[in-house]
Amino acid sequence: MKKLIFILIAVLLTGGGIWYFTGGQSSGKIKVIKTATVEMGTVTKVLEATGIVKAQVGAQVKIGAQATGVLDSVPVKVGDLVKKGALIAQIDSRELRARIAESAANLSLAQAKLDYMEKTLPRKQSLVKQELEAQDSLDVAYQDAEMARHGVAAARAKLQTLRVQLSYTRIFSPIDGVVSQVAAQEGETIVSGLSVSNLITVLDPARLEMWIYIDETDVGRVSIGLPVKYTVDAFRDRVFDGIVNRIYPEPEIRDNIVYYRTLVTVTKEQAHWLRPEMTTQCKIIVEIRDNVLAVPNMALKWVMNRQVCFVVDDPELEPREITPKLGLVGLESSEVVSGLKEGDIVATQLVLPGSKVKKKGD
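Let me begin by describing the structure that accompanies this report.

Calculation criteria
Residues numbered from 1 in each chain as written. Predicted model: local features only at pLDDT ≥ 70, side-chain atom pairs only at ≥ 80, totals over all residues. Heavy atoms only, no water. Helix = DSSP H or I, 4+ residues; strand = E, 2+ residues; numbered from the N terminus. Expected span 1.5 Å × (residues − 1). Buried < 20%, exposed > 50% of the residue type's maximum accessible area, 1.4 Å probe, protein only. Pairing = 2+ DSSP bridges. Contact = heavy atoms within 4.5 Å. Core = buried A, V, L, I, M, F, W, Y, C linked by side-chain atoms within 4.5 Å. 1 Å grid on protein atoms, 1.4 Å probe; cavity = no way out; pocket = protein on both sides within 12 Å on 5 of 7 lines; lining within 4 Å. Points joined across faces, edges and corners; volume = space filled by probe spheres on them. Nonpolar A, V, L, I, M, F, W, Y, C, P; charged D, E, K, R; others polar.

Before going further, it helps to spend a moment on helix α3 (residues 135-167). With 33 residues, α3 extends 49 Å from end C-alpha to end C-alpha; this agrees with the ideal 48 Å at 1.5 Å per step. Among the residues of α3, L138, A141, A145, A148, V152, A155, L159, L162 and L166 are the ones counted as buried.

Our next topic: the sheet that holds strand β8 (residues 177-182). An order of β3-β10-β8-β5 is seen for the four strands of this open sheet, with the pairing classed as antiparallel. Single-partner strands in this sheet number two, and they are β3 (60-63) and β5 (81-82). Where β3 and strand β10 (residues 200-203) come together, four bridges link them in antiparallel fashion. Residue pairing across strands places K62 opposite T201, the latter belonging to β10.

Take D72: it is sitting in strand β4 (residues 69-73). Residues D72 and D92, spaced 20 residues apart in sequence, show a C-alpha to C-alpha distance of 5.3 Å. Among residues more than four places away in sequence, those in contact with D72 are Q90, I91, D92 and E186.

Our next topic: the nonpolar core. Among the nonpolar cores identified, the biggest contains 21 residues, and M210, I212, V228, Y230, L274 and I284 are the most heavily contacted of them. Of all the secondary-structure elements, those providing two or more residues to this core are β2 (39-55), β11 (208-215), β12 (227-232), β13 (235-254) and β15 (279-296). Looking at which element gives the most residues to this core, the answer is β11, with four residues. The contacts of V228, once residues within four sequence positions are left out, are M210, I212, F240, D241, G242, V244, V264, C282, K283 and I284. Counting 18 residues, the second largest nonpolar core, distinct from the first, contains A65, V74, I88 and I171.

What follows deals with the layout of surface pockets. Of the volumes computed, that of the largest pocket is approximately 310 Å³. Looking at the largest pocket, it is lined by 17 residues, and the ones nearest its centre are V46, K229, K283, L331 and E332. Secondary-structure elements contributing two or more residues to the lining of the largest pocket are β2, β12, β13 and β15. Residues that form the lining of the largest pocket fall into these classes: seven nonpolar, five polar and five charged. As a volume, the second largest pocket reaches approximately 200 Å³. Looking at the second largest pocket, the residues that line it are Q66, A67, T68, G69, D92, S93, R94, E95, L96, R99, Q165 and Y168. In terms of residue count, helix α2 (residues 94-129) provides more of the lining of the second largest pocket than any other element does, four residues in total.

Purely spatial values, then, with no claim about function.
Shown next as structure tokens:
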């Protein structure tokens, strides 16, 4: 019984194999499924590459603290719109204000001392002139007055320094933008000079640019001014336009491959849809030829190491195979130099004899 079951299985498998290699084959006639017309048009040669949306230099500012103290308030949070000059953080300034008051008092004292010295000088001069006092006393008075002037200047400079330090306790946004990061909260102690003093990051979302990394084998075909079309995954149906603005001379090596960074400026209108660090799929338009005879690339087939087209002269007859001479090869269509003429019908989808045909339901 087991032997009989084995024979039946072998027969079934053999029958299935025979169908795959025979019944699954197309007939000996070329079957045309879809066609297109050879016509005059535009052929565009593009260079495909990957890019990254970046913030422009100066569009993203990490705002730190030059004062040390406890953070009194942070009136902004991530996502808030801020204007240039808006207060975004404040550090406790009570100690500084007390030192300013003390310094102001010292300045007043030094100024009063100077005033007294300057009033004393004429009397000293008169007494010395009348020989009622020695010349030394007048020299000492001059010296005391000069020292008092220096004392006033030093006190005034110290007061000014403290007032500048006080200004550091109120932190303002240097640009218009959006708060993209808040690194400290109220109550934390801020120590000037440490990394934690980078309190808030503000980003101007309208000032973006795109970096495209061009392989060293392709960089020779890229030049400033070439148009660029690109998309992002977030908005796949939207195509953005740009222009190559700059090609950096210094290479970047990644995975042992040499790339050259190419910069594309992003307009404010485009920036509305984009965000920093988005990945872009780019097409740099290297060359455009207008009003040339063009054949769809779908009609170009590789047969026996030759690139051929199948021209449909009569739907009732088999298409004839030709080898066209091509000029500029574009992304969707290619320029025809010879072998085809305007109005020719070419097959874009077809089944060649001997190729496997999938049956419905496979």
